[in-house]
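Coordinates in review
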Amino acid sequence: LPTSLPTSLPTSLPTTSLPPTSLPTSLPTPRPTSVPTSAPTSLPTTLPTISFAPTKPSLTLTSALVLDGTSKSSWNAAYEETFKQSLVDVSALIESTDDFVGNLTVSDGARRSRTRRRRLQDASVSVSFVVRVDVDTGEDGAVDIDSYVTAFEAELVSATTVDEQTGVSPLDIALQATAEEKGYEVKITADQEASHSMIATETGGVESSRPPTAAPSPAPSTAQPTTPRPTPKPTPAPSVTPGNPTAVPVPAPTLAPTIESCEKVRERTGPPPDVDSARFSSTGASILVDLDAASDQAGMLAGEYFPCAELLDFADVDTAECFWVSATQIYAEVNKALDFVPGENVTLRANTTMLACDDDRCECRVRNTASSVPADPPDPLPDVEPVFQVPDSIAVCEEGGLAVEASQSIGSGGREWKQLVWSVNATGPPESRAAAKVNGTWENATEALESMQHRAANDTSSEFTAEATELQALANGGFDTLVLSLALENFLGSTKTESVEMKLSTKSIPSVLIVGGANQVAKVGNALTVEASGLASGCDGRSKAQRAVDYAWNLYRLDGVDDPEEDWTQLAEGAEFVAVGNCECTGTQGFDPWDTSGAECAAAGCVSYPPLNSFALEALEGYLTPEDAASTGNGTRRRLTGSAYPYCQCCEAACASVGGHWECGEAGPEFKLDPFSLDSGTTYVARAEATDTKYDLSNTADVYLAVGVGSVVAAIEGGDRVVSVQDELQLDASSSFDEDINPDCGDGAGDWRANFGRRRLAHNDAHGTRTAGDCGTGDDAGLSFSWICEELEVRDDGEKQVNGSC
């Protein structure tokens, strides 16, 4: 029997409290079986497992199609899934959607270019894709890549060719069926003409793998698994027993305080500053370098310029100037450091600065060691805007051919473009190209196009040129449209591609283009000037002096930037807008042309323009007598003497009341609108038409005008001030204004050239002003006011922080 208390030493025999059972235990015996189990061992085998099953080589194929019915911004996963499955359904080479490599590349179709008139149709996208398919080898073990590319191209052409009887292509049928099967609201169709053009230029292939080797690798890298070593034996006893008293008493305190060592000071305050980050500004002209701790600013004052090389090191640092913004930030002007780009290191030189001293142990501070970080690009990246002026249509007979200049493009950051790539293509009706293949002009056309494409791909200048012979070959070979694209990338990493189309005409039409590009921005409160440059055709040998054109302008309002032209709203000149310099009040009676004060003019609600002065009076005396002036009318006087002659100009509303006639004369190359003639947040199209009167042939050019939404500007009269706690404080914010509302009163009596009365009143009505005619400031501009008063506390470092409400 067991003892009631444990013995101090173990017994020689085990104590048995109960007799053993005669039955075996349910647990397995600890000894291993003599025969190995059939289960796999947990250790790896010494030789690899070899599979001799052969695999086919694969081929990577690329191409692109154009789809109508959606835009890049509307493209989503449903469109992508529908497109991939539909291609599988119409292709013998693509076996499943798993054959697609990576994501599809989707961009807006070239037909949606906003610079084109009469060709804005439904939205379209070009979709580029890559697939990897299994292929067979020949007897020599090689893959005939060209034959597979040809077969793939033929598949895609067949799939996108519209059946003459049904009016749909096989791919269209597959797209509709896939969308219905999956329950997607996807309605897209393949654009036959554009897709065939893309297939011809974008389809290609490359072999991406070979058959496997016949034998496996000779041996694995490790024959036996590596096992961790056992942990060491535990320590025999803990080093400290909690709660034990110390063996030696604490000595008495010293009479003087203990001075903290510099080592302890540095542990408490931290190491000297290191460079923490460097980032380019949005323009790329400067960088901000941040330190990870407040510094002594290298003994310099904030805002004091010094050569960056005294403190920093980076590419072309000798060309840069710096100043301290604060104890933790350095500003560096790097617009001359042309080799310094994002990703280049910025180094804080060693022994140049130390921690700011905020206590009495400054002697313990040490100088910094060198530290570096890569310079980051701006966030967000600045915009890049390709700007190149091209006509909507061009006569291929012009001796000089075509020259397109892109030097006015925006966003280079003041440096050369990192990438400037032109690309060119041509399109035309299938029947025209088919006829060209029959009559023998197709080969010349394709050679001309290939020559232009080669030149574009290898020319990094800002100008693209096409010879007249090349344009003529394209037009004769069935092509009627030239598509030109420009891709730009600046040194900061911002990119953008812009495409335009030009019609190729065999007629001697004049050329006309918009100066400054076909996409421009405007503000409601600014005067607008758009300039066109037109020239009659020189195909008949006329000199430039004989090639003047007549101009006409039309203005359209768009509900959406991608609206087709049939949905544009044409605005009526004189009623809905006034082109400055085109329209005037003529034939008025009762005005004294010698009225130097302008009183009679102002009394009729009109204005003298230009203001009467001695120079203008001398000009008047030199051309007309008072009697002649009274009988000829303002229009004749203006034609005779130009803008130097003072005349009484009335707005349309006042013109009829003084017996005048509102007449709009011939337009010129400039289209001008007064401030507040356009609505904010709206897109307009101004169209210039140039006419060659000799042949009665005309050509047009469009410019899209995006009118931005102005800001509400809060203004407090007097600005910041110092006041006594005993004085009453009154603040006046009635001069606050909305940039989109004319601040001048608009009763029609003001200077109509700066404030076209009826237009401004309609503007204020649209913005909710109380009464037509109110001025556009304060409450009269439809503004509401609320005030917040906060108490600020000035900290020791000069920073201000909110410390409660007033």
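Residues numbered from 1 in each chain as written. Predicted model: local features only at pLDDT ≥ 70, side-chain atom pairs only at ≥ 80, totals over all residues. Heavy atoms only, no water.

It is worth spelling out the overall build of the protein at this point. Per the secondary structure count, the protein includes 14 helices and 35 strands. Counting the 806 residues in the protein, one finds 38% classified as buried. Of the contacts formed within the protein by residues at least 6 apart in sequence, a portion of 69% connects residues at least 24 apart. In the structure as shown, the protein presents an accessible area of about 46200 Å², 51% of it carried by carbon and sulfur atoms. (Helix = DSSP H or I, 4+ residues; strand = E, 2+ residues; numbered from the N terminus. Buried < 20%, exposed > 50% of the residue type's maximum accessible area, 1.4 Å probe, protein only. Contact = heavy atoms within 4.5 Å. Areas by Shrake-Rupley, 256 points an atom, 1.4 Å probe, with all protein chains shown as cover.)

Our focus in this paragraph is the packing of helix α1 (residues 77-90) against helix α3 (residues 170-182). In contact at an axis separation of 8 Å, α1 and α3 are set at 125° when each is read in the N-to-C sense. With respect to α3, the element α1 is oriented oblique. Every pair of crossing elements has a handedness; the one defined by α1 and α3 is right-handed. Contacts from E81, T82, F83, Q85, S86, L87, D89 and V90 in α1 reach P170, L171, A174, L175, T178, A179 and K182 in α3. For the contact of α1 with α3, the residue count by class is eight nonpolar, four polar and three charged. (Axes fitted to C-alpha atoms, helices over the stretch in contact; angles between N-to-C directions. Parallel < 35°, antiparallel > 145°, perpendicular 65-115°, else oblique. Left-handed = near helix turned anticlockwise from the far one by under 90°. Nonpolar A, V, L, I, M, F, W, Y, C, P; charged D, E, K, R; others polar.)

All right, on to the sheet that holds strand β30 (residues 683-692) then. Ordered by their spatial adjacency, five strands build an open sheet running β21-β31-β30-β23-β24, and the pairing between neighbours is mixed. Either end of the sheet is taken by a strand with one partner, and the two such strands are β21 (519-522) and β24 (569-570). Relative to strand β31 (residues 697-707), β21 runs parallel, the two sharing four bridges. In the strand pairing of β31, N519 is matched with Y704. (Pairing = 2+ DSSP bridges.)

As a further point, take unusual backbone geometry. The linkage connecting D379 with the following residue, P380, adopts the cis geometry, with an omega of 5°. When you line up the elements, P380 lands in the loop between β13 (371-374) and β14 (393-395). Phi is positive for D316, close to 60°, though the residue is something other than glycine. Mapped onto the elements, D316 comes out in the loop between β9 (312-313) and β10 (321-326). Within the chain, F676 stands out as a residue other than glycine whose phi angle is a positive 65°. Mapped onto the elements of the fold, F676 is located in the loop between β29 (670-673) and β30.

With antiparallel pairing, three strands are arranged side by side in an open sheet as β20-β22-β29. The strands lining the two open edges of the sheet, one partner per strand, are β20 (511-514) and β29. Going from strand to strand, the sheet's axes swing by 20° on average, the running direction of each strand aside. Where β20 meets strand β22 (residues 528-535), four bridges bridge the pair, whose relative direction is antiparallel. In the strand pairing of β22, I514 is matched with A532.

The subject of this paragraph is the pattern of salt bridges. Side-chain pairs of opposite charge can arise whenever the charged atoms involved come near each other. Taken as a whole and judged by the stated rule, the model has 17 salt bridges. Note that R279 and D376 form a salt bridge whose closest N and O atoms lie 3.9 Å from each other. Separated by 97 residues along the polypeptide, R279 in strand β6 (residues 275-280) and D376 in the loop between β13 and β14 bring together distant segments of the chain. A relative accessible area of 37% means that R279 is categorised as partly exposed. With a relative accessible area of 30%, D376 lands in the partly exposed category. The closest approach of N and O atoms between R687 and E565, which form a salt bridge, is 3.1 Å. Residue R687 is found in strand β30, and its partner E565 is found in the loop between β23 (550-558) and β24; the two are separated by 122 residues along the sequence. For the pair R687 and E565, one class covers both residues: buried. Each of D540, R542, D692 and K694 takes part in one network of salt bridges that share partners. (Salt bridge = Lys/Arg side-chain N within 4 Å of Asp/Glu carboxyl O.)

Centre-to-centre distance and the angle between the planes together describe a pair of aromatic rings. Considering all chains together, one arrives at 16 aromatic pairs under this definition. Ring centres of W75 and F83 lie 6.5 Å apart, and the angle between their planes is 70°; on these two criteria the pair is classed as edge-to-face. On the basis of relative accessible area, W75 is assigned to the buried category, the value being 13%. The buried category is assigned to F83, whose relative accessible area is 0%. Look at W442 and F479: their rings are 5.4 Å apart centre to centre, the planes differ by 25°, and that puts the pair in the stacked class. Of the two residues, W442 sits in helix α7 (residues 442-458) while F479 sits in the loop between α8 (468-476) and β18 (481-489), which places them 37 residues apart along the sequence. The side chain of R415 reaches across the aromatic face of F491, ending 3.8 Å from its centre. (Phe/Tyr/Trp six-rings, centres within 6.5 Å; stacked < 30°, edge-to-face > 60°. Lys NZ or Arg CZ within 6 Å of the ring centre and 35° of its normal.)

For the rest of this paragraph, the subject is the nonpolar core. With 34 residues, the main nonpolar core has L67, W75, F83, L87 and F129 as its most contacted residues. Put simply, the parts of the chain that give this core at least two residues each are β1 (58-68), α1, β3 (124-134), α2 (145-160) and α3. Once residues lying within four places of it in the same chain are set aside, the contact partners of W75 are L67, T70, E80, F83, L104, V106, V125 and V127. F388, V424, A445 and A466 belong to the second largest nonpolar core, which has 30 residues in total. (Core = buried A, V, L, I, M, F, W, Y, C linked by side-chain atoms within 4.5 Å.)

The next point concerns the side chain of D702. Positionally, D702 belongs in strand β31. At 2.7 Å, the side chain of D702 forms a polar contact with the side chain of R687. (Polar contact = N/O pair within 3.5 Å; in protein donor to acceptor, adjacent residues only side chain to side chain.)

Per the stated rule, a full pass over the model turns up four disulfides. Residue C262 pairs covalently with C364 via a disulfide, S to S 2.1 Å. The chirality of the disulfide connecting C262 with C364 is left-handed, given an S-S dihedral of about -65°. With C262 in helix α5 (residues 262-269) and C364 in the loop between β12 (345-348) and β13, the pair connects residues that are 102 residues apart, well separated along the chain. The exposure class assigned to C262 is partly exposed, which follows from its relative accessible area of 26%. Disulfide pairing places C357 opposite C362 at an S-S distance of 1.4 Å. What sets the handedness of the C357 and C362 disulfide is the S-S torsion sign, and at about -75° it is left-handed. (Disulfide = S-S within 2.5 Å.)

So, about the pairing of β18. Of all nine residues that make up β18, eight are buried, and the element is covered over most of its length. Where strand β16 (residues 419-427) lies against β18, nine bridges are found, and the strand directions are antiparallel. Each bridged residue has a counterpart across the sheet, and for T427 the counterpart in β18 is T481. In sequence, β18 turns back onto strand β19 (residues 495-505) through a hairpin of five residues, with G493 there showing a positive phi of about 105°.

A few words now on the layout of surface pockets. In this structure, the second largest pocket encloses a volume near 500 Å³. Considering the residues around the second largest pocket, the lining is formed by 21 residues, among which H196, S197, A200, R433 and W442 are closest to the centre. Breaking the lining of the second largest pocket down by element, the ones donating at least two residues are α2, α4 (192-202), β16, α6 (430-439) and α7. Here the lining of the second largest pocket gets seven residues from one element, more than from any other, and that element is α4. Residue classes in the lining of the second largest pocket are distributed as nine nonpolar, seven polar and five charged. (1 Å grid on protein atoms, 1.4 Å probe; cavity = no way out; pocket = protein on both sides within 12 Å on 5 of 7 lines; lining within 4 Å. Points joined across faces, edges and corners; volume = space filled by probe spheres on them.)

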